[in-house]
Amino acid sequence: MAAPAIPPPADGPPPMHRLLLLLPLLLAACGSSGTTAEFDRRIGTYVGRPEADVVANLGVPSRTYEADGRRLLQYEFARPSSRPAVFPSIGLGFGSFGGYGSGVGVGTGLGFGLGGYGGAPEGCILVFESREGRITSFNRNGPGCTATAA
């Protein structure tokens, strides 16, 4: 009597394991919110241009300062965090099964929001310096001062 045929092994791990192996890569992609170098490159295009161009593109500054023949335009930005959200949860359920009996359930869990917006907002303070109505330099501060390459 011959032994039963054994199917050949599948190539690589089962599908669920493949997904779990990709999870760190997906989380890293969600968390990549740009670089300060790209932010500096984009904002640097305002140097040499009139103040009016900055106001037309970025809106009215949060604050302005004038001293020693120069003017400072300060912008404050806050954007939602790009990190995944992790939060505890409690659930309560009531129900029946096809009219035969009823049940109540209580449970706890840990939720993982993969869409981001989980942490505290990331702020950015951007200050332009202008002389005689033209932008001469800028300075930035904060974790939100990043941009992605277009």
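Right, let's walk through the structure included here. These figures come from a predicted structure and were not determined experimentally. (Residues numbered from 1 in each chain as written. Predicted model: local features only at pLDDT ≥ 70, side-chain atom pairs only at ≥ 80, totals over all residues. Heavy atoms only, no water.)

### Overview of the sheet that holds strand E1 (residues 63–67)
Within a sheet, each strand pairs with its neighbour through backbone hydrogen bonds, oriented either parallel or antiparallel.
Part 1: Here 4 strands make up an open sheet; going across it, the order is E1-E2-E5-E6 and the pairing antiparallel. Each having just a single partner strand, E1 and strand E6 (134–141) make up the two edges of the open sheet. The mean inter-strand angle of the sheet, taken between neighbouring strand axes irrespective of direction, is 20°.
Part 2: As paired strands, strand E2 (residues 70–79) and strand E5 (residues 122–131) are joined by 9 bridges and run antiparallel to one another. When the bridges of E5 are listed, Gln-74 appears paired with Val-127.
Part 3: Helix H2 (residues 36–44) contacts E5 and E6 of the sheet and is inclined by roughly 160° relative to E6.
Part 4: Across the sheet, helix H3 (residues 51–58) is in contact with E2, E5 and E6; its angle to E2 comes to roughly 15°. (Pairing = 2+ DSSP bridges. Helix = DSSP H or I, 4+ residues; strand = E, 2+ residues; numbered from the N terminus. Axes fitted to C-alpha atoms, helices over the stretch in contact; angles between N-to-C directions. Contact = heavy atoms within 4.5 Å.)

### Here we look at the state of the cysteines
Part 1: The final tally for this structure, using the stated rule, is 1 disulfide.
Part 2: The disulfide bridge from Cys-124 ends at Cys-145, spanning 2.0 Å between sulfur atoms. Between Cys-124 and Cys-145 the sulfur-sulfur dihedral comes to about 100°; the bridge is accordingly right-handed. Taken together, the residues Cys-124 in strand E5 and Cys-145 in the segment after E6 connect sequence positions 21 residues apart. (Disulfide = S-S within 2.5 Å.)

### Section: the environment of Ser-62
Part 1: Of note, Ser-62 is situated in the loop between H3 and E1.
Part 2: Take Ser-62: its relative accessible area is 43%, and that puts it in the partly exposed class.
Part 3: Taking the C-alpha atoms as reference points, Ser-62 and Glu-76, separated by 14 residues in sequence, lie 6.4 Å from one another.
Part 4: Contact partners of Ser-62, with chain neighbours within four places excluded, come to Gln-74, Tyr-75 and Glu-76.
Part 5: Polar side-chain contacts of Ser-62 include one of 3.3 Å to the backbone nitrogen of Glu-76. (Buried < 20%, exposed > 50% of the residue type's maximum accessible area, 1.4 Å probe, protein only. Polar contact = N/O pair within 3.5 Å; in protein donor to acceptor, adjacent residues only side chain to side chain.)

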